[in-house]
Amino acid sequence: MTLAATLREADLFRSLPKGFVQCRACAHYCALPEGGAGKCGVRRNLGGRLYLVTYGKAAALHLDPVEKKPLYHFHPGEGILSVGTVGCNLFCAFCQNWQISQFREFRVSPEGRLDRPIGEDWPPKRLVAEAEALGVRLLAYTYNEPAVWIEYAHDTARLAKARGMKNVFVTSGFETKEAWDYIRPHLDAANVDLKGFTEKFYREVCGARLKPVLESLGHLVASGVWVEVTTLLLEGYNDSDEEVRAMARFLKGLSPDIPWHLTAAHPDYRMLDLRSTRHATLVRAHAIAKEEGLRFVYVGNVLDEERNSTYCPNCGRLLVRRRGYRVEALWEAPGVCPGCGQRIPGVWTW
């Protein structure tokens, strides 16, 4: 780690009077005075221009199975190089990556001098070269919200795309339409967190708003990006039958083929008194989602081979068996049911 930042002028901002700038990357639309930082802590007004101060600084870098994102209908069984930085535009009290997402305790001078390390040097060219060296064709922008470092993600994704790779956002969905249009030419898939279905939950537990997330989901589906959705079920907060049913109906309205991952939470960050989500809660939510007509519903963070596997929605045949992150495809032609010929929505081949 070094104490030199690569100051990348942001692409998504506009100048305001009196030296202020407005960030256009996420739905907070932060207006920053000179020297100020956005809510994310990493987009800063330096000299009347907006800069990303985490450009090329990876706080987390791992080789994961693509199922861990989670993506179940997007190149199952493949590895994905996953990268994240410090900072986030949400403040989820249950965050499981809070050590990096909520990190704000650093300063950066106008010349780009940091007062403490914020990550290792992984500029876009090095990330893409690392993926090639590992024999990996998928890259994920994840661990914290990629909207707050979207220029870094964009430049990496553009290089990766040129090398025949595919790019994935793991996101809260709190981006602006401008941000989605900016990254869209290089984006192949996204897993979007639908954290709940009330404004109260989003405002009080996540420090955000629900409406922009719903708009993002609609925009992404319409744009042709492959979309899967994850909801971390917190007992007593967002797991009521009514709320699960409302989420399921919304997703079905976008497409009944959107895979929905219902995952177990555990105590973390500011919710250390939270009860770990019971398996029975996930089973109940899974049943509701299926009742509402979603064709591909999965449970996560628990051992449940039956509800983690993919079945043909037409004849019910088992097509992809999952035991944890171990994947067994049971078809000859990827994405085609060998029993009835039904085509399964997803991205199965290159």
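Here goes a summary of the coordinates provided. (Residues numbered from 1 in each chain as written. Predicted model: local features only at pLDDT ≥ 70, side-chain atom pairs only at ≥ 80, totals over all residues. Heavy atoms only, no water.)

Next up on the list: the side chain of Thr171. Assignment of secondary structure puts Thr171 in strand E12 (residues 166-171). For Thr171, a relative accessible area of 1% gives the class buried. A polar side-chain atom of Thr171 sits 3.0 Å from a polar atom in the side chain of Glu145. Of the polar contacts made by the side chain of Thr171, one reaches the side chain of Glu175; its length is 2.9 Å. (Helix = DSSP H or I, 4+ residues; strand = E, 2+ residues; numbered from the N terminus. Buried < 20%, exposed > 50% of the residue type's maximum accessible area, 1.4 Å probe, protein only. Polar contact = N/O pair within 3.5 Å; in protein donor to acceptor, adjacent residues only side chain to side chain.)

Take the sheet that holds E12 next. Taken in spatial order, the eight strands line up as E8-E9-E11-E12-E13-E14-E15-E16 in an open sheet, and their pairing is mixed. The open sheet is flanked by strand E8 (60-65) and strand E16 (297-300), the only strands paired with a single partner. Strand-to-strand, the axes of this sheet are offset by a mean angle of 20°, without reference to chain direction. Taken together, the three bridges between strand E9 (residues 79-84) and strand E11 (residues 138-141) define a ladder with parallel strand orientation. Bridge pairing in E11 places Leu81 opposite Leu139. Most of the contacts of helix H7 (residues 241-254) go to strand E15 (residues 260-264), to which it runs at about 155°, and overall it touches strand E14 (226-233) and E15. (Pairing = 2+ DSSP bridges. Axes fitted to C-alpha atoms, helices over the stretch in contact; angles between N-to-C directions. Contact = heavy atoms within 4.5 Å.)

Next up on the list: the packing of helix H6 (residues 210-223) against H7. At their nearest, the axes of H6 and H7 sit 10 Å apart, and the two run at 25° to each other. Relative to H7, the element H6 is oriented roughly parallel. In terms of crossing hand, the pair formed by H6 and H7 is right-handed. Within the contact between the two elements, H6 uses Leu214, Leu217, Gly218 and Val221 and H7 uses Phe250, Leu251 and Leu254. Looking at the contact of H6 with H7, its residues break down into six nonpolar, one polar and no charged. (Parallel < 35°, antiparallel > 145°, perpendicular 65-115°, else oblique. Left-handed = near helix turned anticlockwise from the far one by under 90°. Nonpolar A, V, L, I, M, F, W, Y, C, P; charged D, E, K, R; others polar.)

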